[in-house]
Amino acid sequence: MAPLISKLDDMNYPKWSILMHALLVRQGLWEITSGDTPCLQGSPNLSTVCAWVKKNDQASAEISRNLDTSQLTHAHHTDAKTLWIGLEKVHQCRGLGACLSRR
């Protein structure tokens, strides 16, 4: 049974990202999402390329299914790493003004 994670909305990114990271690690998908295991080049029929594509698809799906519908506009990437970085850029506070406006 998958652990319960509140879907990502405009207010819960710090907590969501910690729990989502843990879920992806547990499922063996974090190395794809983090970019530690980059996309392999070669024939799509090569078993290692197929395995990478399958894990990338699983990671992207897991991230997407844990988004509130209001966040789907930020989830147009099929690459798990790009999706993760995009969500991070949208939701992480950068400056004092941004952090205060989020509160």
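See the structure shown above.
These lines cover the structure that appears in this document, whether it is placed above or below.

The rules behind these values
Residues numbered from 1 in each chain as written. Predicted model: local features only at pLDDT ≥ 70, side-chain atom pairs only at ≥ 80, totals over all residues. Heavy atoms only, no water. Core = buried A, V, L, I, M, F, W, Y, C linked by side-chain atoms within 4.5 Å. Buried < 20%, exposed > 50% of the residue type's maximum accessible area, 1.4 Å probe, protein only. Helix = DSSP H or I, 4+ residues; strand = E, 2+ residues; numbered from the N terminus. Contact = heavy atoms within 4.5 Å. Expected span 1.5 Å × (residues − 1). Arc of directions from axis to C-beta. Axes fitted to C-alpha atoms, helices over the stretch in contact; angles between N-to-C directions. Parallel < 35°, antiparallel > 145°, perpendicular 65-115°, else oblique. Left-handed = near helix turned anticlockwise from the far one by under 90°. Nonpolar A, V, L, I, M, F, W, Y, C, P; charged D, E, K, R; others polar. Salt bridge = Lys/Arg side-chain N within 4 Å of Asp/Glu carboxyl O.

In a soluble, globular protein the nonpolar side chains are often hidden away together inside. In this structure, Trp-16, Met-20, Leu-24, Ile-63, Trp-84 and Leu-87 are the most contacted members of the largest nonpolar core, which totals 19 residues. Within the residue set of this core, elements represented by two or more residues are α1 (13–26), α2 (30–33), α3 (47–65) and α4 (80–91). In terms of residues, this core owes the most to one element, α1, which gives five residues. Setting aside anything within four residues of it in sequence, one finds Trp-84 in contact with Trp-16, Ser-17, Met-20, His-21, Leu-24, Trp-30, Thr-33 and Ile-63.

Turning to α4, a few remarks are in order. Over its twelve residues, α4 runs 17 Å from end to end, which matches the ideal 16 Å to within 8%, given 1.5 Å per residue. When α4 is considered as a whole, its buried residues turn out to be Ala-80, Leu-83, Trp-84, Leu-87 and His-91. One side of α4 carries all its buried residues, which in axial view fall inside an arc of 95 degrees.

Here the focus is the packing of α1 against α4. At a minimum axis distance of 11 Å, the contact between α1 and α4 shows a crossing angle of 165 degrees. Between α1 and α4, the angle is such that the two are roughly antiparallel. Considering only the axes of α1 and α4, their crossing is left-handed. Here Tyr-13, Trp-16, Ser-17, Met-20, His-21 and Leu-24 of α1 lie close against α4, whose contacting residues are Trp-84, Leu-87, Glu-88 and His-91. In terms of residue class, the contact of α1 with α4 is built from six nonpolar, three polar and one charged.

This next bit is on the pattern of salt bridges. Taken as a whole and assessed by the stated rule, the structure comprises two salt bridges. For Glu-31, the salt bridge goes to Lys-55, with nearest N and O atoms at 3.0 Å. In this pair, Glu-31 is assigned in helix α2 and Lys-55 in helix α3, connecting sequence segments 24 residues apart. Given a relative accessible area of 25%, Glu-31 falls into the partly exposed group. Owing to a relative accessible area of 32%, Lys-55 belongs among the partly exposed residues under this scheme. Linking Arg-65 and Glu-62 is a salt bridge whose minimum nitrogen-to-oxygen distance equals 2.7 Å. Note that Arg-65 and Glu-62 are positioned in helix α3 at a spacing of three residues, about one turn of the helix.

Quick look at the packing of α3 against α4 now. Where α3 contacts α4, the axes come no closer than 8 Å and their chain directions differ by 30 degrees. It follows from the interaxial angle that α3 and α4 lie roughly parallel. Contact residues: Asn-56, Ala-59, Ser-60, Ile-63 and Ser-64 in α3; Ala-80, Leu-83, Trp-84 and Leu-87 in α4. A per-class count over the contact of α3 with α4 returns six nonpolar, three polar and no charged.

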